[in-house]
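Each chain, written out:
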Amino acid sequence: MVKILNVVGARPNFMKMAPIIAAINRRSNEVSQTLVHTGQHYDKAMSAVFFGDLGMPEPDINLGARSGTHTQQMARIMPAFEEVVIAQQPDWVVVVGDVNSTIACALVANKLNVRVAHVEAGLRSFDRAMPEEINRLLTDQIADLLLTPSKDADANLLREGIPAERIVRVGNVMIDTLFQQIGRARDSAILNELELRPREFAALTLHRPSNVDNPEVLSRICSALGEVARELPVVFPAHPRTQARMREFGISAPAGVRITAPLGYLDFLRLWSDARLVLTDSGGLQEETTALGVPCLTLRENTERPITIEQGSNRLVGSDPARIVGAAREIMSNGVSYAGRAPELWDGHSADRIVEALIARARSAEIINSDHSAPTAPLTPSGD
Ligand code: UD1
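Everything numeric in this text was worked out from a predicted model, so none of it was measured.

1. Describing the sheet that holds strand E13 (residues 314-316)
At step 1: Read from one edge to the other, the open sheet built from six strands follows the order E10-E9-E8-E11-E12-E13, with strand pairing classed as parallel. Whereas interior strands pair on both sides, the edge strands pair on one side only; in this sheet they are strand E10 (257-260) and E13. In this sheet, neighbouring strand axes are inclined to one another by 20° on average, regardless of whether the strands run parallel or antiparallel.
At step 2: For strand E12 (residues 296-298) and E13, the ladder comprises three bridges, and the chain directions are parallel.

Dropping the structure here:
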């Protein structure tokens, strides 16, 4: 039996882990799993609602990290996760994405000589001012198995000296969730609740520190959104970080921009998939809009997901009002349309490929202890 410890921590992790859990369940005669939630995100709207929407089991263990500086968050996660790994003695720790929980748990597993698999490996924005870029670089350097969504990710890893045999291209696991849930999202009443008609509004998300932590940048973006909203209402499910910054800086939403609480997966999927246009600084939404061919303007100067521009419906517009408004007008005037064109291996079967790779590697490395309760070399933290 291959024993897997799955880690989630923050909102963008849940839609990546849900299909992996389901794929492991389909092979439950060969693999067992435990789900650890670090508690980095803890509000119902940022966490619990996703477990219901995505049909995920409750976490077996919650480490209760909660808010704080990034260092405080990681410092709370690491010793708590270390105890779990020592108690569980897994064959694999599986981490997803690029949040603080990802690197914190990967590092703990590495220190305990437990193999780490990183799902969504190899993405690079080449912008080291982004906390997520550092998390991605460090996690990939210590991961034993790098499960990538696309060719560009493989190329990044090879360039950084990661041996080719550690890299397996599995496609985009978040698109597994998208394809599985799109039918259920049709039943969401969110458009009725907000009195919106399909294609007659824009959907917005905004939470990157580079956009919301600086009052000048945030005001500039808000003025652009105000311009867009004169022609098309903008619906903005706002992240707690952004709501807090807007209050702190005394910036209110411009006329026509409607702020809501963060939405669950199904309501949000219904919202953005029926939007005329998406404006965002999220990573995942660039990929999701690409898979369904919804026009997306990314309010950043770079992206770790270039395939969404080369093959998808995404365009970088930064935080300059003229660029944002100009690009939005082109879309609003029907000057731009895209067919939904999912890149290679974004086919809804990535999780099965991930689980196959985990099982095959575990077997070939002969790391499966026939009796986990009596390992030959018990895990202990080094240094004591
Ligand atoms: C984190 C991730 C980011 C991801 C984002 C999605 C890192 C470095 N960043 O950023 O990659 O795109 O999540 O949401 O890991 N807060 C709440 N309730 C919660 C969670 C957070 O109120 O459930 C508040 C915190 O108190 C804090 C702010 O939101 O004020 C930021 O939360 P934090 O988890 O530090 O980072 P995010 O900005 O959410």
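2. Details of the domain arrangement of the protein
At step 1: Domain boundaries in the protein define domain 1 (2-172 + 345-372) and domain 2 (181-332).
At step 2: One C-alpha centre belongs to domain 1, the other to domain 2, and the line joining them spans 27 Å.
At step 3: Tallying the contact residues gives 25 residues for domain 1 and 21 residues for domain 2.
At step 4: Taken together, both faces of the contact between domain 1 and domain 2 bury some 1800 Å²; the carbon and sulfur share is 57%.
At step 5: In this assembly, domain 1 and domain 2 are joined by three salt bridges.
At step 6: Linking domain 1 to domain 2 there are eight residue pairs in polar contact (both at pLDDT 80 or more).
At step 7: The set of elements that each furnish at least two residues to the side of domain 1 that touches domain 2 consists of helix H1 (11-26), helix H2 (48-53) and helix H5 (131-142).
At step 8: In terms of residue count, the dominant contributor to the side of domain 1 that touches domain 2 is H2 (four residues).
At step 9: Here the side of domain 1 that touches domain 2 is built from residues that sort into nine nonpolar, six polar and 10 charged.

3. Observations concerning the state of the cysteines
Here, disulfide denotes a covalent bond that connects the sulfur atoms of two cysteines.
At step 1: Here the structure, examined in full by the defined rule, presents zero disulfides.
At step 2: The thiol of Cys 222 is unpaired, and the distance to the nearest cysteine sulfur, on Cys 296, comes to 18 Å.

4. As for the packing of helix H7 (residues 173-185) against helix H12 (residues 265-273)
How two helices pack is summed up by the angle between their axes together with the distance between the axes.
At step 1: Contact geometry for H7 and H12: axes closest at 9 Å, N-to-C directions at 85°. Looking at the two axes, H7 sits roughly perpendicular to H12. The residues of H12 that touch H7, namely those facing Thr 177, Leu 178, Gln 181, Ile 182, Arg 184 and Ala 185, are Tyr 265, Leu 266, Leu 269, Arg 270, Trp 272 and Ser 273.
At step 2: When its residues are assigned to classes, the contact of H7 with H12 shows seven nonpolar, three polar and two charged.

5. Some points on the site of the ligand
At step 1: Around the ligand sit 20 residues, and of these Ser 67, Asn 100, Glu 132, His 239 and Arg 241 come closest.
At step 2: A distance of 2.9 Å separates an oxygen atom of the ligand from a polar side-chain atom of Gln 40.
At step 3: Between the ligand and His 207, the relevant distance is 2.8 Å, taken from an oxygen atom to a side-chain nitrogen or oxygen of the residue.
At step 4: If the ligand stood free it would expose 740 Å²; the protein chains cover 87% of that surface.
At step 5: For the shell around the ligand, the secondary structure elements donating two or more residues are H1, helix H3 (70-88), H5 and helix H11 (240-249).
At step 6: Residue composition of the shell around the ligand, by class: five nonpolar, nine polar and six charged.

About the cut-offs
- Residues numbered from 1 in each chain as written.
- Predicted model: local features only at pLDDT ≥ 70, side-chain atom pairs only at ≥ 80, totals over all residues.
- Heavy atoms only, no water.
- Pairing = 2+ DSSP bridges.
- Helix = DSSP H or I, 4+ residues; strand = E, 2+ residues; numbered from the N terminus.
- Axes fitted to C-alpha atoms, helices over the stretch in contact; angles between N-to-C directions.
- Domains from an automatic or database assignment.
- Contact = heavy atoms within 4.5 Å.
- Buried area = accessible area lost by both parts, 1.4 Å probe.
- Salt bridge = Lys/Arg side-chain N within 4 Å of Asp/Glu carboxyl O.
- Polar contact = N/O pair within 3.5 Å; in protein donor to acceptor, adjacent residues only side chain to side chain.
- Nonpolar A, V, L, I, M, F, W, Y, C, P; charged D, E, K, R; others polar.
- Disulfide = S-S within 2.5 Å.
- Parallel < 35°, antiparallel > 145°, perpendicular 65-115°, else oblique.
- Near = heavy atom within 4 Å.
- Areas by Shrake-Rupley, 256 points an atom, 1.4 Å probe, with all protein chains shown as cover.

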